[in-house]
Amino acid sequence: KTGLECVRVLLANGGYGIRAAVRGEYAKEKLGTEELPADDVDLVTGVDVRRPETLADAVAGAGAVIFAASASSKGGKASEVDDIGVENVAKACISAGVERLVVISSVAVTRPNSFAFKFTNFATGGIMDKKVAGEAKLRQAYKGQTKLSYTVLR
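What you see is a predicted model, and the numbers here were worked out from it, not measured in a lab.

Participant: Help me understand the layout of surface pockets in this model?
Facilitator: Rolled over the atoms, a probe sized like a water molecule indicates the empty space that remains. Taken as a whole, the largest pocket encloses approximately 1600 Å³ of empty space. Together, 45 residues line the largest pocket, and Gly3, Ala21, Ile66, Ala68 and Ala69 are the ones closest to its centre. Taken together, the elements giving at least two residues each to the lining of the largest pocket come down to α1 (2-13), β1 (19-21), α2 (56-59), β3 (64-67), α3 (78-96) and β4 (100-104). In terms of residue count, α1 provides more of the lining of the largest pocket than any other element does, six residues in total.

Structural data, given as structure tokens:
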């Protein structure tokens with residue numbers, strides 16, 4: 001859902017070449033709206049952040065990548081997506097020379113002692129801990145990079 005919103009914001013602002021990467025089959029028409037059709041969006045299916053071998057083609061030639069995946073019943077556990085998946089995408093972006101990786105996280109990550117962090121972590125089987133771990137792996141992957149960078153949105 002967040003990824004879809006990212007595509008629609010980029011369509012609304014115009015001027016961007018957009019490649020949308022999704023795990024399964026998806027109809028390109030669903031990416032756009034009646035006012036903002038997705039005709040020029042490059043839709044790549046079969047991309048799974050849990051499987052590094054699916055990432056190279058998805059990020060190749062991109063100037064920036066937005067990581068909007070998160071754990072879900074269809075998409076995988078938090079340990080696979082929010083932790084290892086972030087690391088996999090970071091490594092793929094570095095290998096492909098992508099200038100900027102933007103990772104959409106959660107504001108609660110900054111407050112591990114807060115009720116929101118603890119409750120969300122408890123209710124979702126530890127997703128907040130996995131987001132923290134994924135962000136740490138992201139920082140480690142980019143350590144020493146001088147031309148490539150990342151941004152975490154919370």
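Participant: I tried to follow the pairing of β3 on my own but got confused; where do I start?
Facilitator: Consecutive residues of a regular strand have side chains that alternate between opposite faces of the sheet. Here β3 shows a buried face lined by Val65 and Phe67 and an unburied face lined by Ala64 and Ile66. Note: β3 against β4, four bridges, orientation parallel. Directly across from Phe67, in β4, lies its bridge partner Val103. Handedness of the crossover joining β3 and β4 through α3 is recorded here as right-handed.

Participant: Would you explain the side chain of Ser114 in this entry?
Facilitator: Looking at the element boundaries, Ser114 is found in the loop between β4 and α4 (115-123). For Ser114, a relative accessible area of 18% gives the class buried. There is a polar contact of 2.8 Å between the side chain of Ser114 and the backbone oxygen of Arg111.

Participant: Help me understand the nonpolar core in this model?
Facilitator: Looking at soluble globular proteins, one finds that nonpolar side chains tend to be buried together. The biggest cluster of nonpolar side chains holds 21 residues, and the ones touching the most others in it are Val65, Phe67, Val89, Cys93, Leu101, Leu138 and Tyr142. The set of elements that each furnish at least two residues to this core consists of α2, β3, α3, β4 and α5 (127-142). With six residues, the top contributor of residues to this core is α3. Dropping the residues within four chain positions of it, Cys93 is found in contact with Val59, Val65, Val98, Leu101, Tyr142 and Leu148. Counting residues in hydrophobic clusters, the runner-up holds seven residues, among them Val7, Leu11, Ala20 and Leu31.

Participant: Before we go on, may I ask you to explain the packing of α4 against α5 in this structure?
Facilitator: The description of two packed helices rests on the angle between their axes and on the distance between the axes. Contact geometry of α4 with α5 gives a least axis separation of 6 Å together with a crossing angle of 105°. By the criterion of interaxial angle, the relationship of α4 to α5 is roughly perpendicular. Contact with α4, carried on its side by Phe117, Thr120 and Asn121, involves Ile127, Met128, Asp129 and Val132 of α5 and no other residues of that element. When its residues are assigned to classes, the contact of α4 with α5 shows four nonpolar, two polar and one charged.

Participant: How do you make sense of the environment of Ala69 when you look at a structure like this?
Facilitator: Relative to the elements of secondary structure, Ala69 occurs in the loop between β3 and α3. Overall, Ala69 belongs to the partly exposed group, its relative accessible area being 25%. Sequence-wise, Ala69 and Tyr26 are 43 residues apart; in three dimensions their C-alpha atoms are separated by 15 Å. Those residues in contact with Ala69, other than ones at most four positions away along the chain, are Val81 and Asp82.

Cut-offs and rules
- Residues numbered from 1 in each chain as written.
- Predicted model: local features only at pLDDT ≥ 70, side-chain atom pairs only at ≥ 80, totals over all residues.
- Heavy atoms only, no water.
- 1 Å grid on protein atoms, 1.4 Å probe; cavity = no way out; pocket = protein on both sides within 12 Å on 5 of 7 lines; lining within 4 Å.
- Points joined across faces, edges and corners; volume = space filled by probe spheres on them.
- Helix = DSSP H or I, 4+ residues; strand = E, 2+ residues; numbered from the N terminus.
- Buried < 20%, exposed > 50% of the residue type's maximum accessible area, 1.4 Å probe, protein only.
- Pairing = 2+ DSSP bridges.
- Right-handed = clockwise from strand over helix to strand, strands pointing away.
- Polar contact = N/O pair within 3.5 Å; in protein donor to acceptor, adjacent residues only side chain to side chain.
- Core = buried A, V, L, I, M, F, W, Y, C linked by side-chain atoms within 4.5 Å.
- Contact = heavy atoms within 4.5 Å.
- Axes fitted to C-alpha atoms, helices over the stretch in contact; angles between N-to-C directions.
- Parallel < 35°, antiparallel > 145°, perpendicular 65-115°, else oblique.
- Nonpolar A, V, L, I, M, F, W, Y, C, P; charged D, E, K, R; others polar.

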